[in-house]
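# Examining the three-dimensional arrangement
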Amino acid sequence: KEDSFGVLDWGRGVWTYANTWYWGSASGLVNIKPFGFNIGYGFGNTSAATENMLFYEGKAHKLSEVTFHIPLDENGHETYLEPRTFTSDDGRFELDFMPILDRNSNAKVLFIQSDQHQVFGHFSGKVILDDGEVLKVEHLIGFAEKVMNRW
């Protein structure tokens, strides 16, 4: 209980034949208190709400839209093992990400394909809770993924 953390992936939705989603999560301690987040987009219509949340000391703090800034190489292709940033349109989620491992696969059979990059690494930066409190995040282990499916 004191040193184990996790997140429940509670997926829902009706998927189109071709879709791409972005999802990230991390859980651990900030200021010696339980902290975590769930971020993402591409899961469907998020005009009413997003799945972006901070969790601190057992309380959820709702975020607006979060963008995954995946760097490009000299040929314009995404590069998954380079440092990147994550930002929110409300300025409350501003984290850098230092990748460690890209767990990737690209399975394709006829007209079905799943191209996945689940990158594990460390998040550092700042987040702002609903009440305006600023939390400094340092080397929080987590993941960020980009998955493209045709099924």
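Residues numbered from 1 in each chain as written. Predicted model: local features only at pLDDT ≥ 70, side-chain atom pairs only at ≥ 80, totals over all residues. Heavy atoms only, no water.

Let's shift gears to the nonpolar core. If you look at the biggest cluster of nonpolar residues, it comprises 25 residues, and the most contacted ones within it are F35, F37, L54, F86, F93, F123 and V127. Secondary structure elements with two or more residues in this core: β1 (18–30), β2 (33–41), β3 (53–56), β5 (66–69), β7 (93–109), β8 (112–128) and β9 (134–150). With 4 residues, β9 is the single largest residue contributor to this core. Every residue in contact with V127, bar those within four places of it in the chain, is listed here: F35, L54, R92, F93, L95, E133, V134, L135 and V137. If you look at the next biggest cluster of nonpolar residues, it comprises 5 residues, including W21, W23, F143 and V147. (Core = buried A, V, L, I, M, F, W, Y, C linked by side-chain atoms within 4.5 Å. Buried < 20%, exposed > 50% of the residue type's maximum accessible area, 1.4 Å probe, protein only. Helix = DSSP H or I, 4+ residues; strand = E, 2+ residues; numbered from the N terminus. Contact = heavy atoms within 4.5 Å.)

Note that S27 resides in strand β1. If we skip the residues at most four places from it in the chain, S27 touches F5, G6, V7, F35, G36, L140 and I141.

Next up on the list: the sheet that holds strand β6 (residues 84–88). Pairing within the open sheet is antiparallel, and its 9 strands lie in the order β4-β3-β2-β1-β9-β8-β7-β6-β5. On the outer flanks of this sheet lie β4 (59–62) and β5, each paired with one strand and no other. The sheet shows a mean angle of 20 degrees between the axes of neighbouring strands, direction not considered. Judged from the 9 bridges that link them, β1 and β9 form a sheet pairing that is antiparallel. Looking across to β9, one finds that A26 is bridged to G142. (Pairing = 2+ DSSP bridges. Axes fitted to C-alpha atoms, helices over the stretch in contact; angles between N-to-C directions.)

The values are spatial; any link to function lies outside them.
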